[in-house]
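A closer look at the structure
For reference, the chains in residue letters:
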Amino acid sequence: RPRTGAEIRAAFLDFYEQRGHKPMASASLIPDDPTVLLTIAGMLPFKPVFLGQQPRPAPRATSSQKCIRTNDIENVGRTARHHTFFEMLGNFSFGDYFKEQAIQWAWELSTGVFGLSPQNLVVSVFREDDEAGAIWRDVVGVNPKRIIRMDEADNFWASGPTGPCGPCSEIYYDFKPELGDDGIDLEDDSRFIEFYNLVFMQYNRDAEGILTPLANRNIDTGLGLERMAQILQAVPNNYETDLIYPLIETAAGLAGVDYRGLDAKGQTSLKVIGDHSRAITQLICDGVTASNLGRGYILRRLLRRVVRHGRLLGIDKPFLTVMGEASIALMQVAYPQLLERREVILAELAREEARFLETLERGEKLLAEVLAAKPTQISGEQAFELYDTYGFPLELTEEIAEEQGLTVDLAGFEAAMEAQRQRAKAAAVSIDLTLQGAIDQVTAAAAATAFKGYEALEHPSCVL
Ligand code: ATP
Ligand code: MG
Ligand code: MG
Ligand code: MG
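Sequence order as written defines the numbering, with residues in each chain counted from 1. Chain letters and ligand numbers both follow the written order, the letters beginning at A and the numbers at 1. The model is predicted, so local features are restricted to residues of pLDDT at least 70 and side-chain atom pairs to those at 80 or more, both for listing and for counting; the totals for chains, interfaces and linings are taken over all residues.

1. Thoughts on the overall build of the protein
When helices and strands are tallied, the protein shows 16 helices and 11 strands. Partitioning the contacts of the protein with sequence separation of at least 6, the portion at a separation of at least 24 is 68%. Comment: elements are numbered from the N terminus, with helices defined as DSSP H or I runs of at least four residues and strands as E runs of at least two. Contact definition: two residues whose C-beta atoms, as placed from backbone geometry, lie within 7 Å.

Right under this line is the structure:
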């Protein structure tokens, strides 16, 4: 059975290609979709197809899609299974096969290709989706105690308040089947990990919230590559798989530490560095540059977090280009663009790291002074000064505060930000007024010229 990340990816794509799916290359992390900042799922490039706005590329498709989820930043290194950057393997049906076939193939792949034992699997279905429950039980033969009904929050997918939507069904791996089939709690992540999510797009929801069956029903799925690697490599978390661990080793080498010998805090720092190094390398590869806006800010935030966690581990020199090189080396076979864009990636990493290091030390000093005063909270002005003068993303200050058991006055931060906006506006207004003054003068001079005729030309008083 497949073991390495590359083998798992290939096995998934082969399985579905053999079943008539067109293999599609991963789309860019920058989506062709104004409603989301980054590609967050394998289905995103196909959203216009699902919404009926574009013709389908084929009746069935399969892909391994690069994704970034910033909503999982806080989870990185804390849970065993969440990343910012990860790869989502998917099989899709555009008005072609539906629920029963999707469920059967997902099971065949999990047990046949990946060799997982049914004793280690649990599935979830949407509370009201009796059809899916019956397929798992009667067609696949899953023990009914291992078919868990879940609420809308977890098991119903919609692309928005109106439009196509439908129930989901997920497959979880059970690390401790010896605990039995009673009282299964899928939220218990010391026992279960979700790895495959099947969406059955079968309704259209109108403005009144009424569901009508779709004529063309679709299948959208996602299987986390790093999660399957964790399971098949029998390691305790995604970070220790071959998809990320080499980066942890690189960072540990730079810091002169040993991952296995570190406490949880140190290991988390290495995990953050490993995770974010992949993310920032891929973001720059796809054309993002660091800034204070949108995607640029996400890149900046991730990158500065890498630098800070490096310092926590004792790395006191610039090291992002080393992490960038290692990330390219690790991912270049699957993503050859990384090699083509190598120079751009390394230059951006070096530039942004240097920019941050210039002020980081002074910012850290300021922060140390603030903390030395033993406040109950970091004030909005302090957080804003760190942001504005020293380049600390607000979330970074929040994170440091949290480590000290403190909070940040977010309302105060917003107020300070707004005050600065007003100052900037006021400055812009005064520039306008100055310009207006010049325009008034010119107009007056022109009027005078017109009035005085040729005489004025001999005495040009025009300020321009
Ligand atoms: P979870 O409940 O664990 O946060 P999810 O339900 O948010 O996962 P989906 O949106 O269903 O995830 O995405 C499909 C699949 O992609 C998941 O089953 C999982 O294998 C993988 N996946 C989702 N989020 C992440 C992440 N942050 N890091 C790594 N893999 C992920
Ligand atoms: Mg999630
Ligand atoms: Mg989930
Ligand atoms: Mg899910």
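From this point, things continue past the structure.
2. Describing the environment of Ile103
Here Ile103 shows up in helix α3 (residues 99-113). Leaving out residues up to four positions away in the same chain, Ile103 has contacts with Ala132, Ile135, Trp136, Val140, Ser169 and Leu198.

3. Structural notes on the site of ligand 1
By definition, a residue lies near a molecule or strand when the C-beta atom built from its backbone is within 6 Å of it. Neighbouring ligand 1 are 16 residues; Asp72, Phe86, Asn197, Gly222 and Gly224 lie closest to it. Looking at the shell around ligand 1, the elements that each hand over two or more residues are β3 (85-94), β8 (192-205), β9 (211-224) and α6 (225-233). The leading source of residues in the shell around ligand 1 is β8, at four residues. When the residues that make up the shell around ligand 1 are grouped by side-chain class, the tally is five nonpolar, five polar and six charged. In this count, Pro and Cys sit with the nonpolar residues alongside Ala, Val, Leu, Ile, Met, Phe, Trp and Tyr, while Asp, Glu, Lys and Arg are called charged and the others, Gly among them, polar.

4. Describing the nonpolar core
For soluble globular proteins, the rule of thumb is that nonpolar side chains tend to be buried together. Remark: nonpolar core denotes a set of buried Ala, Val, Leu, Ile, Met, Phe, Trp, Tyr and Cys residues whose joining runs through C-beta atoms within 7 Å. Working definition of burial: number of other C-beta atoms within 10 Å of the residue's own, with buried at 20 or more, exposed at 12 or fewer, and partly exposed in between, all C-beta atoms being placed from the backbone. Among the nonpolar cores identified, the biggest contains 96 residues, and Ala106, Leu198, Met228, Ile280 and Leu299 are the most heavily contacted of them. Ranked by the residues each element gives to this core, the list is headed by helix α8 (residues 264-285), at eight residues. Once residues within four sequence positions are removed from consideration, Leu198 is found in contact with Ala102, Ile103, Ala106, Cys168, Ser169, Ile219 and Thr221. One finds Leu367, Ile378, Tyr387 and Phe392 within the second-largest nonpolar core, a separate group that totals 14 residues.

5. Section: helix α12 (residues 342-372)
In a regular helix each residue adds 1.5 Å, so 31 residues correspond to 45 Å; α12 covers 43 Å between its end C-alpha atoms and thus fits that length. Consider a residue and the seven residues that end there alongside the seven that start there; fitting an axis to each set, the bend is the angle between those axes. At Leu360, α12 is deflected by roughly 35 degrees, the largest bend along its length. Following α12 by one or two positions, Lys374 has its phi on the positive side, about 45 degrees. Multiply 1.5 Å by the residue count of a helix minus one, and that product is the helix's expected span.

6. With respect to the pairing of β9
In the case of a regular strand, side chains alternate between the two sheet surfaces. When DSSP finds two or more bridges between two strands, those strands count as paired. Alignment of β3 against β9, held across five bridges, turns out to be antiparallel. Paired with Phe92 across the strands is Asp220, a residue of β9. Between β8 and β9, which pair antiparallel and follow one another directly, the connecting turn spans five residues, one of which, Gly209, has a positive phi of 85 degrees.

7. Points about the domain arrangement of the protein
A domain assignment, automatic or from a database, supplies the domain bounds used here. For the protein, the assigned domains are domain 1 (5-233), domain 2 (244-408) and domain 3 (414-457). On the domain 3 side, the residues contacting the four residues of domain 2 number four residues.

8. Quick look at the packing of helix α9 (residues 294-312) against α12
Angles run from 0 to 180 degrees between N-to-C directions of axes, and those axes are lines fitted to C-alpha atoms, restricted for helices to the stretch in contact. Running from N to C, α9 and α12 point in directions that differ by 60 degrees, and their axes come no closer than 10 Å. Here α12 runs oblique to α9, going by the angle between their axes. As α9 packs across α12, the resulting crossing turns out to be right-handed. Here Arg300, Leu303, Arg304 and Val307 of α9 come into contact with α12, specifically with Glu352, Glu353, Phe356 and Leu360. Here the contact of α9 with α12 is composed, by residue class, of four nonpolar, no polar and four charged. Oblique is the label for any angle not covered by the other classes, which are roughly parallel (under 35 degrees), roughly antiparallel (over 145) and roughly perpendicular (65 to 115). For any helix crossing, the convention is left-handed if the near helix is rotated counterclockwise from the far helix by under a right angle, and right-handed if that rotation is clockwise.

9. Some remarks on the packing of helix α7 (residues 245-255) against helix α10 (residues 320-331)
Following both chains from N to C, one finds α7 and α10 inclined at 155 degrees, their axes separated by 10 Å at the closest point. Relative to α10, α7 is oriented roughly antiparallel. Considering the relative orientation of α7 and α10, their crossing is right-handed. Seen from α7, the contacting residues are Pro246, Leu247, Thr250, Ala251 and Leu254; seen from α10, they are Val322, Met323, Ala326, Ser327 and Leu330. A class-by-class count of the residues in the contact of α7 with α10 yields eight nonpolar, two polar and no charged.

10. Comments concerning the confidence of the model for the protein
Per-residue confidence from the prediction method is given by pLDDT, with values spanning 0 to 100. Looking at the protein, the pLDDT average stands at 91 and 92% of residues meet or exceed 70. For the stretch residues 449-464, pLDDT sits under 50, and the model shows 10 contacts to residues farther than four places along the chain or on other chains. Scoring of the predicted complex yields 0.87 for pTM and 0.99 for ipTM.

11. Observations concerning unusual backbone geometry
Phi angles above zero are rare outside glycine, and Ala234 is one such case at about 50 degrees. The topology assignment puts Ala234 in the loop between α6 and α7. By the C-beta count within 10 Å, which is 9 here, Ala234 ends up exposed. The backbone of Lys374 sits at a positive phi, close to 45 degrees, despite the residue not being glycine. Position of Lys374 among the secondary structure elements: in the loop between α12 and β10 (377-378). On the neighbour-count criterion, Lys374 (8 C-beta atoms within 10 Å) is exposed.

12. Section: α7
Burial in α7 covers these residues: Leu247, Ile248, Thr250, Ala251, Ala252 and Ala255. Turning to α7, the residues buried within the fold contact α8, α9 and α10. One or two steps after α7, the chain reaches Gly256, where phi turns positive at roughly 70 degrees.

13. Description of the environment of Ala411
Within the element layout of this structure, Ala411 appears in helix α15 (residues 410-452). Ala411 sits in the exposed class, given 9 other C-beta atoms within 10 Å. In this structure, the C-alpha to C-alpha distance between Ala411 and Ser379, residues 32 residues apart in sequence, is 9.4 Å.

14. Overview of the pairing of strand β2 (residues 60-68)
Of all nine residues in β2, nine are buried; the element is thus mostly enclosed. By the alternation rule, side chains of β2 split into Arg60, Thr62, Ser64, Lys66 and Ile68 and Ala61, Ser63, Gln65 and Cys67, which are all buried. Two strands pair when backbone bridges link them, and strand β1 (residues 22-24) and β2 are joined in this way by three bridges, in the parallel orientation. From the neighbouring strand, Pro23 faces β2, where its bridge partner is Thr62.

15. Some remarks on the environment of Phe114
By secondary structure assignment, the location of Phe114 is in the loop between α3 and β4 (121-126). When the 21 C-beta atoms within 10 Å are taken as the criterion, Phe114 is described as buried. C-alpha of Phe114 to C-alpha of Ile231: the two residues are 117 residues apart in sequence and 9.6 Å apart in space. Setting aside residues up to four positions removed in sequence, Phe114 forms contacts with Arg1, Pro2, Leu109, Met228 and Leu232.

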